[in-house]
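Residue-level listing of the chains:
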Amino acid sequence: MIFDPPPWQPVHLTRDGTRLAHIEAGPITPQGHPLLLINGWTGDHGIFTPQIAHFARTRRVVAVDLRGHGASDAPAGDYTMEGFADDIAWQCRTLDLAKPLVIGHSLGGAVALELCGRHPDLAAGLVMIDTIVLPSPGGAGSAEIEGLLAGVGGPDYRRVVRDMAWAIGCDYDDPARRQALFDTFIRGPAERTPQHVAYAALRSMVLHHDPVPAARACRIPMAYIAADVALVEAARNLDRLRELCPHLVTAKTLLAGHFNTLEVADQVNAMIERFLAVGLKARAE
């Protein structure tokens, strides 16, 4: 079974000396909201390959590579949710990307929430996909988190990152298909993400980032699409997010791991289509 890698060539915009990459597809038309896609930790825009191909038939699609990820530069320094969000807000202004539906996968969902909370007039709506967007109380200091940070900060970090990505992919799919998806879209970006980026971004998210202010400030239509990943389900506090954002709607892909955008793209695409058609009409009071 063969899967083609993403065909789009990254384009770079330079912000304060750092090149930030994105790909663009689809028509620029006044009809319909564009999509803004944000990759997760140690990933790149390839995680959204089926979504880009599907939605670019009818609307503008911009998929970024977070600073330090994919084709973007990886300078020394901090890698925070706030910094990622400000990068993307700048990219949107530079690209004249008006009122997009912002979609973030994994850590990209936390960045998306921060983006929409910090820049409340930027987006038309928000979709988070299998994100530990509001960590459970006490999770930050858990042995599992400390062990992961130690591994990512250690000499064998590429194996640690690769093994984590494989584990959260879960084993619902046909083994050959799962391996092909992993080898085509997941392994390369994970192994190429520089250690200082992987460590700093993970540490920022799990130890230093407070998503509550952004959640309280985010009054646009919001959706959360979960996957069947026990680790993510145990680490997040979705009930607390619902308390902060009562306008939140939730859904779950059926029998798919963390990379459900690839594994069950038809389910994810249908949910996004429904949110574009119906969900964006509802606005928080």
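A quick note: this is a predicted structure, and the numbers were derived from the prediction, not measured. (Residues numbered from 1 in each chain as written. Predicted model: local features only at pLDDT ≥ 70, side-chain atom pairs only at ≥ 80, totals over all residues. Heavy atoms only, no water.)

## Here's the deal with the pattern of salt bridges
For clarity, the threshold we go by: Here, a salt bridge means any side-chain nitrogen of Lys or Arg that lies within 4 Å of a carboxyl oxygen of Asp or Glu. Secondary structure is summarised from DSSP: a helix means a run of H or I of at least four residues, a strand means a run of E of at least two, and numbering begins at the N terminus for each. With a 1.4 Å probe rolled over the protein chains alone, any residue whose accessible area is under 20% of its type maximum counts as buried; one over 50% counts as exposed, and the rest are partly exposed.
On inspection of all chains with the given rule, the structure shows 16 salt bridges. Across the salt bridge formed by arginine 162 and glutamate 191, the nearest N and O atoms sit 2.9 Å from each other. Separated by 29 residues along the polypeptide, arginine 162 in helix α5 (residues 157-168) and glutamate 191 in helix α6 (residues 175-192) bring together distant segments of the chain. The exposure class of arginine 162 is partly exposed, given its relative accessible area of 23%. The exposure class of glutamate 191 is partly exposed, given its relative accessible area of 23%. For glutamate 191, the salt bridge goes to arginine 187, with nearest N and O atoms at 3.8 Å.

## A look at a nonpolar patch on the surface
The criterion, for reference: Surface patches are defined over residues having more than 30% relative accessible area and no salt bridge, joining like charges when they lie within 9 Å and nonpolar side chains (Val, Leu, Ile, Met, Phe, Trp, Tyr) when within 5 Å. Throughout, the Shrake-Rupley method with a 1.4 Å probe supplies accessible areas, and for residues the shown protein chains are the sole cover considered.
Residues Tyr172, Leu254 and Leu255 make up a contiguous nonpolar surface patch of about 320 Å² in total accessible area. Secondary-structure assignment places leucine 255 in the loop between β8 (249-252) and α11 (260-263). Given the relative accessible area of 51%, leucine 255 is considered exposed.

## Some remarks on the nonpolar core
Keep this limit in mind: Side-chain atoms within 4.5 Å are what join buried Ala, Val, Leu, Ile, Met, Phe, Trp, Tyr and Cys residues into a set we call a nonpolar core. Contacts: residue pairs with any heavy atoms within 4.5 Å of one another.
Grouped together as the largest cluster of nonpolar side chains are 93 residues, with contacts concentrated most on Val102 and Leu126. The element contributing the most residues to this core is helix α2 (residues 81-95), with eight residues. Every residue in contact with leucine 126, bar those within four places of it in the chain, is listed here: Leu101, Val102, Ala112, Leu113, Cys116, Cys218, Ile220, Pro221, Met222, Ala223 and Phe275.

## Some remarks on the packing of α2 against helix α3 (residues 107-118)
Worth spelling out the cut-off: In this analysis an axis means a line fitted to C-alpha atoms, helices contributing only their contacting stretch, and an angle means the value between N-to-C directions, from 0 to 180 degrees. With respect to orientation, any angle under 35 degrees is reported as roughly parallel, any angle over 145 as roughly antiparallel, any angle of 65 to 115 as roughly perpendicular, and every other angle as oblique. Should the near helix be turned anticlockwise from the far one by less than a right angle, the crossing is left-handed, and should it be turned clockwise, the crossing is right-handed. When residues are grouped by polarity, Ala, Val, Leu, Ile, Met, Phe, Trp, Tyr, Cys and Pro land in nonpolar, Asp, Glu, Lys and Arg in charged, and all others, Gly among them, in polar.
Axis separation between α2 and α3 bottoms out at 8 Å; the angle between their running directions is 65°. It follows that α2 is roughly perpendicular to α3 by the angle criterion. The two elements α2 and α3 meet at a crossing, and its hand is right-handed. In contact with Met81, Glu82, Phe84, Ala85, Asp86, Ile88 and Ala89 of α2, α3 contributes Leu107, Ala110, Val111, Glu114, Leu115 and Arg118. Of the residues belonging to the contact of α2 with α3, the class tally is nine nonpolar, no polar and four charged.

## Some points on the layout of surface pockets
The line we're drawing: In the cavity and pocket records, a cavity denotes points on a 1 Å grid over the protein atoms alone where a 1.4 Å probe fits but cannot get out, a pocket denotes an open set with protein on both sides within 12 Å along at least 5 of 7 lines, and lining residues are residues with an atom within 4 Å of a point. Grid points are joined across faces, edges and corners, and a volume is the space filled by probe spheres set on the points.
Of the pockets and cavities examined, the second largest pocket occupies roughly 260 Å³. In this structure, the second largest pocket is lined by 18 residues; those nearest its centre are Pro6, Asp44, His45, Pro189 and Arg192. Looking at the lining of the second largest pocket residue by residue, the class counts come to eight nonpolar, seven polar and three charged.

## Structural notes on the packing of aromatic side chains
Filter applied, for reference: Note on aromatic pairs: the rings of Phe, Tyr and Trp (six-membered ring only in Trp) are paired at centre separations within 6.5 Å, and the planes decide the class, stacked below 30 degrees, edge-to-face beyond 60, tilted for the rest.
Here the structure, examined in full by the defined rule, presents two aromatic pairs. Taken together, a centroid distance of 5.1 Å and an interplanar angle of 85° make the contact between tryptophan 166 and phenylalanine 182 edge-to-face. Of this pair, tryptophan 166 sits in helix α5 while phenylalanine 182 sits in helix α6; the two residues are 16 residues apart in sequence, bridging distant segments of the chain. You can call tryptophan 166 partly exposed: its relative accessible area is 30%.

## Side note on the sheet that holds strand β1 (residues 11-15)
The condition is simple: By this definition, two strands are paired if DSSP reports at least two bridges between them.
What the eight strands build is an open sheet, ordered β1-β2-β4-β3-β5-β6-β7-β8; its pairing is mixed. Edge positions in the sheet fall to β1 and β8, since each has one partner strand and no second. Here the strands of the sheet are splayed against their neighbours by 20° on average, with no regard to which way each runs. In the sheet, strand β3 (residues 35-38) pairs with strand β4 (residues 61-64) via four bridges, with the strands oriented parallel. Bridge pairing in β4 links leucine 36 to valine 62. Sheet contacts for α3: β3, β5 (101-105), β6 (125-129) and β7 (222-226); angle to β5, the most-contacted strand, approximately 145°.

## Concerning α6
Basically, it comes down to this: Working rule for helices: expected span equals 1.5 Å times residues minus one. Note that bend, as reported per residue, equals the angle between axes fitted to the 7 residues terminating at that residue and the 7 residues originating from it. Whenever a nitrogen or oxygen atom comes within 3.5 Å of another N or O atom, the pair is scored as a polar contact, on the condition that within protein one atom can donate a hydrogen and the other can accept it, and that pairs from neighbouring residues in sequence are kept only if both atoms are in side chains.
With 18 residues, α6 extends 24 Å from end C-alpha to end C-alpha; this agrees with the ideal 26 Å at 1.5 Å per step. The sharpest bend along α6 reaches about 45° and sits at aspartate 183. Buried residues of α6: Arg178, Ala180, Leu181, Phe182, Phe185, Ile186, Gly188, Pro189 and Ala190, and no others. Tucked into the core, α6 has its buried residues touching α1 (49-55), α5 and α11. Of the residues that open α6, the one with a side-chain oxygen 3.1 Å from the backbone nitrogen of alanine 176 is aspartate 174.

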